[in-house]
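Listed here are the chains, written in short residue letters.
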Amino acid sequence: MKPSNPPEIAVVLVNLGTPDAPTEAAVRRYLKQFLSDPRVIEIPQFIWQIILNLFVLRSRPKRVAHAYASVWDGDSPLRKITLAQVDLLQQRFDQHQLPCKVSVHAAMTYGKPALTDVLSALTTKKVEQIVMLPAYPQFSGSTTGAVFDVVAKWGLKQRNLPSISFVKDYFAHPQYIQALAESVKRFQDEHGKPEKLLLSFHGIPEPYEQKGDPYARRCRCTAAHLAQVLGLERHEWECSFQSRFGKQEWVKPYTDVTLTEWGKQGIKSVQVLSPAFSADCLETLEELAVENRETFQSNGGGDYHYIPALNVDAAHIDLFESLALPHVQAWQQNLQGWY
């Protein structure tokens, strides 16, 4: 006997995470969860936990909380933007008039809404098919890989597992590159074309790349595709990596070092875009937009502008729809016997 209604299909848009509040205590909780993940810090855990608890979590939360307070507006930018993206993507699926109900959900690897809580709520609702859409254009073991880990560990405790498919990444997807290009063109229509365009990505330790993490190579590919679409000469742009942490060597060139050198060279104008981020967050709004401006200008550089992430741009939601829809349609083929 057929059920009266076909089961629901869920799309889960996953981002990294954020503290619950711009306070020292909330930031400490968040950093402890984030930095305890062996995907993020590949140091023997016994040694790292001593460093983390005795040094990092005693000094870093106060400074980071102050930075969060400077960008907090009722909630963290990352969570607000992710929730808005989910609402817009839900509208897209509602317009498709698909035979199965498709619901779209936000989740975070660290912090709230916790990915494990979202998955558990979906299985309580008897959702049988889940499409995981990590909002990381370039795969890395420390980001998308961590999402895989959370899902796998959650699955160990489930008696009846839903079917789950993953979008690995989209670093060279034509819609992604075109959306980035259009955002740059719109910005330059208002602010003019700079002497240099810096495409700055979040960095990873160099040993991660040496062990086979494809992230840095994917970032360089994204940057090259974007520069080509924008019609830039090689001297007009650079790809760099920001936010290194600790004394380890990270993938190069470094964003702050590049901006220091450009400032000393007397570069008159720089615009910076960070294509690794699907939503603006503390790293883009505070580090890239504010700290790096000071680095560039204090070394003799001229005008400096940060180009916002794609956020809720219509072309960005188009991209998310294009990434998720084939998975949804494939699940519908499996569910034809329900309707």
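Computed from a predicted model, the values in this text were never measured in an experiment.

**Re the nonpolar core**
Here's step 1: One finds V11, F93, L199, F201, W237, F241 and F320 to be the most contacted residues of the largest nonpolar core, which totals 57 residues.
Here's step 2: Tallying contributions element by element places helix α11 (residues 314–334) first for this core, with 8 residues.
Here's step 3: When residues are assigned to domains, this core turns out to be shared by domain 1 (8–170 + 314–335) and domain 2 (174–306), each giving three or more.
Here's step 4: Once you skip the residues sitting within four places of it in the chain, L199 turns out to touch A223, L226, W237, E238, C239, S240, L273 and P275.

**Section: the UniProt feature "binding site: Fe(2+)" (unreviewed entry) in the protein chain**
Here's step 1: Here, UniProt's "binding site: Fe(2+)" (unreviewed entry) annotation points to H202 and E283. In summary, the annotated positions, though distributed over 82 residues, converge in three dimensions, the widest C-alpha pair being only 8.7 Å.
Here's step 2: Considering the arrangement of structural elements, one finds H202 in strand β5 (residues 196–202).
Here's step 3: When its relative accessible area of 28% is taken as the criterion, H202 is described as partly exposed.
Here's step 4: Ignoring sequence-local partners within four residues, the contact set of H202 consists of Y215, F241, Q242, S243, W250, A276, F277 and E283.

**Digging into the sheet that holds strand β6 (residues 237–242)**
Pairing between the strands of a sheet comes from backbone hydrogen bonds, and it takes one of two forms, parallel or antiparallel.
Here's step 1: Overall, parallel pairing links the 4 strands, which are arranged β6-β5-β7-β8 in an open sheet. The open sheet has two free edges, formed respectively by β6 and β8 (303–307), since each of these has just one partner strand. Within the sheet, the average angular offset between the axes of one strand and its neighbour, ignoring direction, is 25 degrees.
Here's step 2: The sheet contact formed by β5 and strand β7 (residues 269–273) spans 4 bridges and is parallel. Note that in β7 the partner of L198 across the bridge is V272.
Here's step 3: Seen against the sheet, helix α9 (residues 255–264) touches β5, β6, β7 and β8 and runs at an angle of roughly 160 degrees to β5.
Here's step 4: Docked against the sheet, helix α10 (residues 282–298) engages β5, β6, β7 and β8, running at close to 165 degrees with respect to β8.

Scoring rules and cut-offs
- For every chain, the first residue of its written sequence is number 1, and the numbers climb from 1 along that sequence.
- Only residues with pLDDT of at least 70 get local features here, since the model is predicted, and only at 80 or more are side-chain atom pairs given and counted; chain-wide, interface and lining totals rely on the full set of residues.
- Where side-chain values are given, they derive from all heavy atoms of the structure, hydrogens and water being excluded.
- We call a set of buried residues a nonpolar core when its members are Ala, Val, Leu, Ile, Met, Phe, Trp, Tyr or Cys and they connect through side-chain atoms within 4.5 Å of each other.
- Between buried and exposed lies partly exposed: a residue is buried under 20% and exposed over 50% of the maximum accessible area for its type, with that area taken using a 1.4 Å probe on protein chains only.
- A run of DSSP states H or I qualifies as a helix once it reaches four residues; a run of E qualifies as a strand once it reaches two. Both are numbered from the N-terminal end.
- These domain boundaries are the output of an automatic or database domain assignment.
- Residue contacts are counted whenever heavy atoms from the two residues lie within 4.5 Å of one another.
- UniProt positions are given in the numbering used here, feature names are shortened, and annotations may be inferred rather than shown by experiment.
- Pairing between strands is defined by DSSP: at least two bridges between the two strands are required.
- Only the stretch in contact is used when a helix axis is fitted, and all axes are lines through C-alpha atoms; the angle between N-to-C directions ranges over 0 to 180 degrees.

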